[in-house]
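Inside the fold
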Amino acid sequence: MAADNEPESEVFEITDFTTASEWERFISKVEEVLNDWKLIGNSLGKPLEKGIFTSGTWEEKSDEISFADFKFSVTHHYLVQESTDKEGKELLEDVIPQSMQDLLCMNNDFPPRAHCLVRWYGLREFVVIAPAAHSDAVLSESKCNLLLSSVSIALGNTGCQVPLFVQIHHKWRRMYVGECQGPGVRTDFEMVHLRKVPNQYTHLSGLLDIFKSKIGCPLTPLPPVSIAIRFTYVLQDWQQYFWPQQPPDIDALVGGEVGGLEFGKLPFGACEDPISELHLATTWPHLTEGIIVDNDVYSDLDPIQAPHWSVRVRKAENPQCLLGDFVTEFFKICRRKESTDEILGRSAFEEEGKETADITHALSKLTEPASVPIHKLSVSNMVHTAKKKIRKHRGVEESPLNNDVLNTILLFLFPDAVSEKSLDGTASTDNNNPPSESEDYNLYNQFKSAPSDSLTYKLALCLCMINFYHGGLKGVAHLWQEFVLEMRFRWENNFLIPGLASGPPDLRCCLLHQKLQMLNCCIERKKARDEGKKTSASDVTNIYPGDAGKAGDQLVPDNLKETDKEKGEVGKSWDSWSDSEEEFFECLSDTEELKGNGQESGKKGGPKEMASLRPEGRLYQHGKLTLLHNGEPLYIPVTQEPAPMTEDLLEEQSEVLAKLGTSAEGAHLRARMQSACLLSDMESFKAANPGCSLEDFVRWYSPRDYIEEEVIDEKGNVVLKGELSARMKIPSNMWVEAWETAKPIPARRQRRLFDDTREAEKVLHYLAIQKPADLARHLLPCVIHAAVLKVKEEESLENISSVKKIIKQIISHSSKVLHFPNPEDKKLEEIIHQITNVEALIARARSLKAKFGTEKCEQEEEKEDLERFVSCLLEQPEVLVTGAGRGHAGRIIHKLFVNAQRAAAMTPPEEELKRMGSPEERRQNSVSDFPPPAGREFILRTTVPRPAPYSKALPQRMYSVLTKEDFRLAAPQVCPGRQLLPGAGIEANLQEKPTHSRHVEAAGRSPARIQLGCNGNNATKNP
Amino acid sequence: MDEDVLTTLKILIIGESGVGKSSLLLRFTDDTFDPELAATIGVDFKVKTISVDGNKAKLAIWDTAGQERFRTLTPSYYRGAQGVILVYDVTRRDTFVKLDNWLNELETYCTRNDIVNMLVGNKIDKENREVDRNEGLKFARKHSMLFIEASAKTCDGVQCAFEELVEKIIQTPGLWESENQNKGVKLSHREEGQGGGACGGYCSVL
């Protein structure tokens, strides 16, 4: 076909695969996979080190193949070993495969955590073919045999020496049969699985009988059989007096009593014992047949006497943890859609809504110069007013939070409300939190939350607490409503909000925190202005253009122009960029000066009269600089602070600026928009330095733009000659332009750059429209922050190194997630889940410490050992007990079992003592120290030649496990056999193929004899 | 045009007044030099799309005023920036000495810590150099920044500076993806119960 252009003489040999059966195709696919994974040939690795199955890394590779339309997954499991050179992977002749050698290796008996095939056969590498779908199973015997034949053929064809297993029966039975082929040797991995242990095989001697008959060794006497035994005991019933450690605060909290409440704290701990079971494995790692007796009437296998003890703990799955629940419940609020109004019934914010909707109205009311009565603030007063409002709206309905709780919370949030000192005093001291430089304190930076001593943070904790214990969502909505009322109250009455760092909003914190800081800035300015007004009211009343104030907040240019015209020569283009609010920026410090000058300069102004003006608004003298024209000292003026910004405002502003585009006009416009600050500074400067010039201003403002050069004048003296930089001299550049427009007006009488009234109203409105869900989203970083701190704190009491590491990971993970504006729910959930896990881990550590009584331990050394033991239990799957039953930890474990046994037998301890007779008697009559072992494992091994005495001696092994409802014998049958030649006829193979296993369903009937071995029916060709 | 743009990066140019920040930017965006460029007021803004290693990135570059008084305002623009270009004038030592202040400010106001910083020594065309190249290098190394000397006037190093910066940002994982798929920390080294195949724990006995 492909040979159209080939010469005629070419001999064609066509291999026809078109009629290949499904089975043949399946086999070739298996071979293909084995080839792909390079599992061909034999390479001997290093002998297995002690415990490498646990400490090493296991990896797996998977592929999918199908037999007709039945899908199988092929998985290669292997222990990652230090790369034995790939080059060294040459075919070793006449060496029995690794897996057969490993059968005898005793270094990894009873691995604590391993694939069952590893446990049964001590393999370091194997391939499993199992039905891909979890529910699928290969049930019929003929199908099993067909599969196994495929395996056999594939192994023979490829020369792969890795054991290949097929999983048969239902998956839960973990039935595997398999095969391994090597040069001149073959192993059939066979298995018996029964539900009930036949009586004669419940002990070592019975198992030895099976083993011996199975290997069928022709030699007498038999070579010695080496035996490894492990009995596992389970302790479930922890005596009550070993676990009294309920989290101490839970009852108090659940009770919902205000007395037991401590807001600002998070609960911690598991509500149930996070450790459910203790498994004690007693191991006799190396016995020889005959040393020990274990038959149906007597046993030497006393757990106390076992040379090795190891312990593992079973952890309760997802124990209920307080902190985790707390945070999770709070997170759930994020998904609620309801608004505060909907939750609280009728519109509680109705009045609020009206006020905020009509800002103009609010403005005129607030900006009226009438002094606001400052009365002492008290919580009861606050609550009273709040209650009154709410009652008015909600009628007779009960409010979700009772008064006591609400009072406690408000006191906690606003401690200044009860202080005897005047309000502003307390507030300001509160603001001066010593900026702690500790790593913990600065965590808010990473979480984008808020400092742990801030109002925002406390609010988050309170809402969390209320959500959990006091009224859930309704409570949250109620507290938030109260909080917003309080904010308005503070704004209206000039009370600073406590618990917020002063200064502009900290962009490293969450938006809500920034908003509160913004509100505080507004209050601060308003307060300063109001106080300034009060002190100077008599002098400057005429300067305050009351009419302009009433004109309100509208950004109507026409309106502005009018006022501008009235006021004189102010360039309108300049003014339109600054805030339109016709109120003056004012500082307390200015008020005295104001008295003298206000009236005068209010009427005058303009560049020409500058020199004759009295200087105003000076801050301090600028070094030794003097004015260039008249030699007067140069003063730095009092200037307006730039407007504080929250991140959303900033975003808005930069968006506006960016929208102007990159053209020259755009850039010009942009500069204009931002020049209000420059203009204001120029005006202040002019006012402070009568007779000054732009050069003077530049020397203060942008010193590098005033270039001084040493020039030698006509007389030969070196004189400093200065001039403006080239860029400042560009005709009609914005600096010059602004300078010409600027009038000598001190900062306090300039138009406000920052309109606190408007900004405050904006913030209050923003707060009022936040739904509980929005609120929860705002505050979630704070809650996560608090939870991490709590976990950290609890960990420091226990000192668990692994937890330390996880906490670090959580912090770095959260900082990545929380810095995005709208973190995904999934990621947030993950963080919360991690925190819960850490909590459970710590709770487990506590539980174990309590159980093993590390605190009660008196000897320092023993205590240290015990602590180490406990921390190992947490981190390792299985921990060796030093000294087994005679060691310190061993004695404690023994006692735990004894106590549990007594409790189970309902025998009071005293009676027990009385009955104590000889050990024999005690053994029979009274309760034994240990319960019957929950599991018994035996590994029997030997090396024998078979089938003939002159055959090659090969390793033999049998693993058996006996539990209450499970009996399993796993015995690889190693026998010499000729290696199948690659490509040998399938037919031939099949005929030689014995049945590989026989699975006995023992339900109901008890087989007289379990037969293992290769004498069975031949495989059927056609299943 | 925006379709094949990989990402939009926010870049900030800071430094003392008169070191040539706006000139550098103008050279980069418009490839011109204006000796009479007015002093920037507040912040200015320019956009340019460049291609680095076949990746197109749109740069939104914020140029800031260097004057002390404007500085109270500029920190807010640090927010969300992925790259910062810190400029000094090689002919004026004082602009170099002040770099520490700028770095402090960066540290205080930057919302993220993996932001890429670049140090640019400008005006190397001038003859009266006061800051040696090695000093710049040393400073940059000390603070783990990119470093280049440039001249907005002669065009030396300008394009290169921006390209390097963008390349570095793109190479920094998690810095620019809008949706960074960070895999969470795994708490247990092996998940329990890996399904049907492997059996975790002590499954054979109990």
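Rules behind the numbers
Residues numbered from 1 in each chain as written. Chains lettered and ligands numbered in written order. Predicted model: local features only at pLDDT ≥ 70, side-chain atom pairs only at ≥ 80, totals over all residues. Heavy atoms only, no water. Helix = DSSP H or I, 4+ residues; strand = E, 2+ residues; numbered from the N terminus. Contact = heavy atoms within 4.5 Å. Areas by Shrake-Rupley, 256 points an atom, 1.4 Å probe, with all protein chains shown as cover. Buried < 20%, exposed > 50% of the residue type's maximum accessible area, 1.4 Å probe, protein only. Core = buried A, V, L, I, M, F, W, Y, C linked by side-chain atoms within 4.5 Å. Phe/Tyr/Trp six-rings, centres within 6.5 Å; stacked < 30°, edge-to-face > 60°. Lys NZ or Arg CZ within 6 Å of the ring centre and 35° of its normal. pLDDT = per-residue confidence, 0-100. Patch = residues over 30% accessible without salt bridge, like charges linked within 9 Å, V, L, I, M, F, W, Y side chains within 5 Å. Salt bridge = Lys/Arg side-chain N within 4 Å of Asp/Glu carboxyl O. Pairing = 2+ DSSP bridges. Axes fitted to C-alpha atoms, helices over the stretch in contact; angles between N-to-C directions. Parallel < 35°, antiparallel > 145°, perpendicular 65-115°, else oblique. Left-handed = near helix turned anticlockwise from the far one by under 90°. Polar contact = N/O pair within 3.5 Å; in protein donor to acceptor, adjacent residues only side chain to side chain. Expected span 1.5 Å × (residues − 1).

1. Structural notes on the overall build of chain B
For chain B, the count of helices and strands is five helices and six strands. Residue pairs in contact within chain B that sit at least 24 positions apart in sequence constitute 74% of those at least 6 positions apart. Surface summary for chain B: the accessible area is close to 9,200 Å², and the carbon and sulfur share equals 46%.

2. Concerning the overall build of chain A
Counting its secondary structure elements, chain A contains 37 helices and 17 strands. Every one of the 1023 residues in chain A was classed for burial, and the buried ones make up 54%. Accessible surface computed for chain A: about 47,400 Å², of which carbon and sulfur atoms make up 52%.

3. Notes on the nonpolar core
All names here are of chain A. In terms of nonpolar packing, the biggest core is built from 145 residues, with Leu207, Met487, Phe852, Phe869 and Ile893 touching the most fellow members. Residues in contact with Met487, not counting those within four places in the same chain, are Phe414, Leu455, Ile497, Leu516, Leu519, Leu764 and Leu767. Core analysis: the next-biggest nonpolar cluster, separate from the first, contains 62 residues, Phe26, Trp37, Val151 and Met175 among them.

4. Quick word on the packing of aromatic side chains
Counting across every chain of the model gives 30 aromatic pairs over all chains. With 5.5 Å between their ring centres and 50 degrees between their planes, Phe26(A) and Phe72(A) make a pair best called tilted. Taken as a pair, Phe26(A) in helix α1 (residues 22-36) and Phe72(A) in strand β2 (residues 70-79) lie far apart in primary sequence, 46 residues in all. With relative accessibility at 3%, the residue Phe72(A) sits in the buried group. Ring geometry for Trp700(A) against Tyr701(A): centres 5.2 Å apart, planes inclined by 75 degrees, an arrangement best described as edge-to-face. In terms of burial, Trp700(A) and Tyr701(A) fall into one category: buried. Linked through ring pairs, Phe685(A), Phe697(A), Trp700(A), Tyr701(A), Trp735(A) and Trp739(A) together constitute an aromatic cluster. Lying over the aromatic face of Phe412(A), Lys458(A) brings its terminal NZ or CZ to 5.4 Å of the ring centre. Here the guanidinium or amino end of Lys48(B) rests over the ring plane of Phe28(B), the centre of that ring lying 5.0 Å away.

5. What to know about the confidence of the model for chain B
All names here are of chain B. Summing up the model confidence of chain B, the mean pLDDT is 78 and the portion of residues at 70 or higher is 82%. Considering each helix and strand of chain B separately, the mean pLDDT is smallest for helix α3 (residues 99-109), with a value of 84, and largest for strand β4 (residues 83-89), with 91. Of the regions scoring below 50 in pLDDT, residues 178-206 engages in 64 contacts with residues more than four places distant in sequence or in other chains. Scored as a whole, the predicted complex attains pTM 0.69, and scored at its interfaces, ipTM 0.80.

6. Concerning the side chain of Asn467(A)
Residues and elements named next belong to chain A. As for its position among the elements, Asn467 is in helix α16 (residues 455-469). Assessed through its relative accessible area of 12%, Asn467 is described here as buried. Once residues lying within four places of it in the same chain are set aside, the contact partners of Asn467 are Glu329, Phe330, Ile333, Gly472, Leu473 and Val476.

7. Re a nonpolar patch on the surface
Together, Val293(A), Val297(A) and Tyr298(A) make up an exposed nonpolar region whose accessible area comes to about 310 Å². You can see Tyr298(A) is positioned in the loop between β8 (275-288) and β9 (308-315).

8. Remarks on the sheet that holds strand β1 (residues 5-15) of chain B
All names here are of chain B. In spatial order, the strands read β2-β3-β1-β4-β5-β6; together these six strands make up an open sheet with mixed pairing. The open sheet has two edge strands, β2 (43-52) and β6 (146-149), and neither has a second partner. Strand-to-strand twist in this sheet, taken as the mean axis angle between neighbours without regard to direction, amounts to 25 degrees. Taken together, the eight bridges between β1 and strand β3 (residues 55-64) define a ladder with parallel strand orientation. Bridge assignment links Val5 to a residue of β3, and that residue is Lys56.

9. Remarks on the pattern of salt bridges
Residues and elements named next belong to chain A. Enumeration according to the criterion identifies 39 salt bridges over all chains in this entry. Note that Glu761 and Arg488 form a salt bridge whose closest N and O atoms lie 3.0 Å from each other. Taken as a pair, Glu761 in helix α29 (residues 756-769) and Arg488 in helix α17 (residues 472-492) lie far apart in primary sequence, 273 residues in all. You can call Glu761 buried: its relative accessible area is 0%. Between Arg846 and Glu794 there is a salt bridge, and its shortest N-O distance comes to 2.6 Å. Here Arg846 is found in helix α32 (residues 825-852), whereas its partner Glu794 is found in helix α30 (residues 772-798), with 52 residues between them in sequence.

10. A short note on the packing of α30(A) against α32(A)
Residues and elements named next belong to chain A. Closest axis-to-axis distance for the α30/α32 pair is 11 Å, and the angle between their directions is 20 degrees. Between α30 and α32, the angle is such that the two are roughly parallel. Between α30 and α32 lies a crossing of left-handed hand. Counted together, Arg777, Leu780, Ile784, Ala787, Val788, Val791, Glu794, Glu795, Leu797 and Glu798 of α30 and Asp825, Leu828, Ile831, Ile835, Val838, Ile842, Arg846 and Lys849 of α32 form the full contact between these two elements.

11. Side note on the side chain of Arg230(A)
Residue and element names in this part refer to chain A. Secondary-structure assignment places Arg230 in strand β7 (residues 226-235). Given a relative accessible area of 5%, Arg230 falls into the buried group. Of note is the side chain of Arg230, whose polar atom sits 3.4 Å from the side chain of Ser310.

12. Quick notes on helix α23 (residues 647-659) of chain A
For α23(A), built from 13 residues, the straight-helix expectation of 18 Å at 1.5 Å per residue is met to within 8% by its first-to-last C-alpha distance of 18 Å. Looking one or two residues past α23(A), Gly661(A) carries a phi angle of roughly 80 degrees, positive in sign.

13. Points about unusual backbone geometry
Residue and element names in this part refer to chain A. Notably, Arg174 is not glycine yet its phi reads approximately 50 degrees, a positive angle. Tracing the backbone through its elements, the reader meets Arg174 in the loop between β4 (164-168) and β5 (175-182). The exposure class of Arg174 is buried, given its relative accessible area of 17%. Its identity as a non-glycine residue notwithstanding, Lys448 has a phi of 55 degrees, on the positive side.

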